[in-house]
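Single-letter residue listing:
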Amino acid sequence: MPSSIATCYHVLQSCTLNTPLFTDIVTKINISTASIRARKISLSLSATYPSPITQTTTNDLNFEDRATRFRIKGLVHRITTLSSSNSKTQMLQILEKDPEFQTISDFNLLLMALVIAQELDICLSIFAKLPSFQLVPDCCTHSIMIRCHCEKNDMDEAKRALDTALGKGFRPDAATFTVLINSLCKRGRVNKAREVFEAMGRNGYKGSVQAKNCLLKGLSYVGKVDEALEMLMGMKGTSLEPDVYSYTAVMDGLCKVGRSGEAMELLDEVVGMGLVPSVVMFNTLIQGYSREGRPMEGAAVLELMKEHECVPDCVSHNTVLHGLLKWNEVLAALGVYKEMVGLGLKVDVRLMGTLARRLCKRSRRKNSLLQDAYDVFEKMKERGPVVDQRTFEVMIQALCVGKRFDQAFATLNEMVRLGYSPEAITFDKVILGLCARGRVDDAVSTMVLLHASGGIPSKISYDMLIKELNEEGRLFCARNLFGSALKLGVVPNREPRLNVMGWEEPQVTRIC
DNA sequence: GTAGGGTTAG
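Residues numbered from 1 in each chain as written. Chains lettered and ligands numbered in written order. Predicted model: local features only at pLDDT ≥ 70, side-chain atom pairs only at ≥ 80, totals over all residues. Heavy atoms only, no water.

The name given to chain A in an unreviewed UniProt entry is Nucleobase:cation symporter-1, with the source organism recorded as Vigna unguiculata. Chain A has a UniProt comment under Sequence similarities (unreviewed entry) that states "Belongs to the PPR family. P subfamily." (UniProt positions renumbered as here; feature names shortened; annotations may be inferred.)

The structure is reproduced here in structure tokens:
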């Protein structure tokens, strides 16, 4: 009989590892792990698929163990595949055959993996089939199922599952209660969450700061910030002493209703208590000031962080940048952007787009900003096809205003090559600019480009080009252009010049 | 020696 590891290899090899489904599940597992467990564990399946999540792990599930990872991964994959064709009988056969899945512990691992992979219906059906394996759910199984119902947004069922577990004499630990309380709070059912918290006390649990923090956040979420503040103050001096999370939750609540000043006072209190404020706490304040229309004070928090030996992260900077742009503090935003680039921090591409457009607009008054705008724009392009149509157009038009027609012409071509259909006015500006510089051929090719991208050149562009061609004596070309305008339903004001004899030019020499 | 809990932006 092959060893379990060999079996797992066999199983995995029988699956197509690179199928989208497989990749999707692995990705889902990784993503939900990050969100569900506050980055404590990583289901990094890097043995076969490199994960972007690289945190160290403290999980007891021991996903570091290759065999366990493979076993669960293979099973989740196979079961998911079967589920889509409703082959539940086959699913049970798979589980029955697998010598690794015989005890309730084995199933708990599988059920938890399914919850993390968001395969909740499969989780429920396997749970329902446990008796057919002669297995009885234990305390851990019940906790996992409570979580499963929470993830499914079926809070009443989650509460029933908790009551069932308690009724059977199990004593789920505080973490299980916290999951339920948190889910209720996230859905705005704070009163129900409070009931569960109180039920903890009745059942002999001491409660937990984590659960209390969920209530603080829940109260803030439903607009009861003062109640949250009161609860926070009430925690002081009790066995559930507030921690940095508690304060952050309430500060966030205050910031969201325009009370950033009070949130800042809480920061002082935190420091006074000897707690170390976290980067999240500062980021909350930045967001508060930015919302309130006080973006410069938000930016000042970056300095405050440094005073507290807290290193601002990507969120800090992006939040400051967003606030400054929102309230049109363009120069300050540029400063923060440059600082971020210098620090190697990843700037949100949408913010880069906004910054580039704002700088373009400002460059009319202050020419030097055009280069800054172009630098931001170029940096955006390095990120891949992320530049939106509007940013392209604003950039091209600003380049025209700044008389940088080479770049305008090249960027317009690039835009069309990427499949965008720029507005006719963008072409007009480039065509007029090129004509003014005597670059008639480039102007003509810009018009051809516009036509090729499905647009109709404007009368003003035709007029300008026909005028230039007339002046250069390229009368055949002017006539062609005039003719193509008429075909498109545009009647230029300027007509192609006849030659000196009043005859039509013969088809010779230059072709447009 | 079964899993797993709370905070920030866009």
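There's plenty left to go through after this.
Trainee: What exactly am I supposed to notice about the overall build of chain A here?
Mentor: Helix and strand counts for chain A come out as 26 helices and 0 strands. Expressed as a percentage of its 512 residues, the buried residues of chain A come to 47%. For chain A, the exposed area adds up to about 25,100 Å²; of that, 53% sits on carbon and sulfur atoms. (Helix = DSSP H or I, 4+ residues; strand = E, 2+ residues; numbered from the N terminus. Buried < 20%, exposed > 50% of the residue type's maximum accessible area, 1.4 Å probe, protein only. Areas by Shrake-Rupley, 256 points an atom, 1.4 Å probe, with all protein chains shown as cover.)

Trainee: Hey, could you run me through the packing of aromatic side chains in this one?
Mentor: Within a pair of aromatic rings, the relevant descriptors are the distance that separates the centres and the angle that separates the planes. In the structure shown here, the tally under the stated rule is 5 aromatic pairs. Arranged with centres 5.4 Å apart and planes meeting at 85°, the rings of phenylalanine 377 and phenylalanine 392 form a pair that is edge-to-face. Here phenylalanine 377, found in helix 20 (residues 369–381), pairs with phenylalanine 392, found in helix 21 (residues 389–401); they are 15 residues apart in sequence, far enough to count as distant. Each member of the pair, phenylalanine 377 together with phenylalanine 392, is buried. Judged by centre distance (5.5 Å) and plane angle (55°), the rings of phenylalanine 392 and tyrosine 420 are tilted. Of this pair, phenylalanine 392 sits in helix 21 while tyrosine 420 sits in the loop between helix 22 (405–417) and helix 23 (424–436); the two residues are 28 residues apart in sequence, bridging distant segments of the chain. (Phe/Tyr/Trp six-rings, centres within 6.5 Å; stacked < 30°, edge-to-face > 60°.)

Trainee: Is there a simple way to explain the UniProt feature "repeat: PPR" (unreviewed entry) in chain A in this structure?
Mentor: According to UniProt, the positions carrying the feature "repeat: PPR" (unreviewed entry) are residues 138–172, 173–207, 208–242, 243–277, 278–312, 313–347 and 388–422. Secondary structure content for residues 173–207 is 74% helix and 0% strand, while the C-alpha to C-alpha distance between its ends is 10 Å.

Trainee: How should I be thinking about the environment of lysine 236 in this particular structure?
Mentor: Within the fold, lysine 236 resides in the loop between helix 12 (225–235) and helix 13 (244–256). Not counting chain neighbours up to four residues away, the residues in contact with lysine 236 comprise Glu241, Pro242, Tyr247 and Glu269. (Contact = heavy atoms within 4.5 Å.)

Trainee: Help me understand the nonpolar core, please; the structure alone is not making it clear to me.
Mentor: Across soluble globular proteins, nonpolar side chains have a tendency to be buried as a group. By size, the foremost hydrophobic cluster in this structure holds 112 residues, and its most contacted members are Leu180, Ile181, Leu321 and Leu465. Beyond its immediate sequence surroundings of up to four residues, leucine 180 is in contact with Ile146, Cys150, Met155, Ala158, Lys159, Leu162 and Val196. (Core = buried A, V, L, I, M, F, W, Y, C linked by side-chain atoms within 4.5 Å.)

Trainee: Sorry if this is basic, but what is going on with the packing of helix 5 (residues 104–116) against helix 7 (residues 139–151) here?
Mentor: Helix-helix packing is described using two parameters, namely the angle between the two axes and the distance between the axes. The interhelical angle for the contact between helix 5 and helix 7, taken along N-to-C directions, is 15°, at an axis separation of 10 Å. Judged by the inter-axis angle, helix 5 sits roughly parallel to helix 7. As helix 5 packs across helix 7, the resulting crossing turns out to be left-handed. When helix 5 is examined against helix 7, the residues Ile104, Asn108, Leu111, Met112 and Val115 are found in contact with a partner set consisting of Cys140, Thr141, Ile144, Met145, Arg147, Cys148 and Glu151. Partitioning the contact of helix 5 with helix 7 into residue classes produces 8 nonpolar, 2 polar and 2 charged. (Axes fitted to C-alpha atoms, helices over the stretch in contact; angles between N-to-C directions. Parallel < 35°, antiparallel > 145°, perpendicular 65-115°, else oblique. Left-handed = near helix turned anticlockwise from the far one by under 90°. Nonpolar A, V, L, I, M, F, W, Y, C, P; charged D, E, K, R; others polar.)

Trainee: Would you explain the packing of helix 10 (residues 190–202) against helix 11 (residues 209–221) in this entry?
Mentor: Their axes nearest at 10 Å, the elements helix 10 and helix 11 cross at an angle of 165°. Looking at the two axes, helix 10 sits roughly antiparallel to helix 11. Handedness of the crossing formed by helix 10 with helix 11: left-handed. Between helix 10 and helix 11, the contacting residues are Val190, Ala193, Arg194 and Phe197 on the first element and Ala211, Lys212, Leu215, Gly218 and Leu219 on the second. The residue inventory of the contact of helix 10 with helix 11, partitioned by class, reads 6 nonpolar, 1 polar and 2 charged.

Trainee: Where do I start with the pattern of salt bridges in this structure?
Mentor: In this structure the tally under the stated criterion is 26 salt bridges. Residues arginine 189 and aspartate 156 are paired through a salt bridge, measuring 3.2 Å at the closest nitrogen-oxygen approach. Linking arginine 189 in the loop between helix 9 (174–186) and helix 10 with aspartate 156 in helix 8 (residues 155–167), this pair joins segments that are 33 residues apart in sequence. Take aspartate 156: its relative accessible area is 39%, and that puts it in the partly exposed class. Here aspartate 252 makes a salt bridge to lysine 256, at a shortest N to O gap of 2.8 Å. Of this pair, aspartate 252 and lysine 256 both sit in helix 13, 4 residues apart, roughly one helical turn. Within the structure, one salt-bridge network assembled from shared partners comprises Asp226, Arg259 and Glu262. (Salt bridge = Lys/Arg side-chain N within 4 Å of Asp/Glu carboxyl O.)

Trainee: Looking at this structure, how should I read unusual backbone geometry?
Mentor: Unusually for a residue other than glycine, asparagine 153 sits at a positive phi of about 65°. Along the chain, asparagine 153 falls in the loop between helix 7 and helix 8. You can call asparagine 153 partly exposed: its relative accessible area is 49%. In this model, glutamate 309 sits at a positive phi of 55°, which is unusual for a non-glycine residue. Take glutamate 309: it is sitting in the loop between helix 16 (295–307) and helix 17 (314–326).

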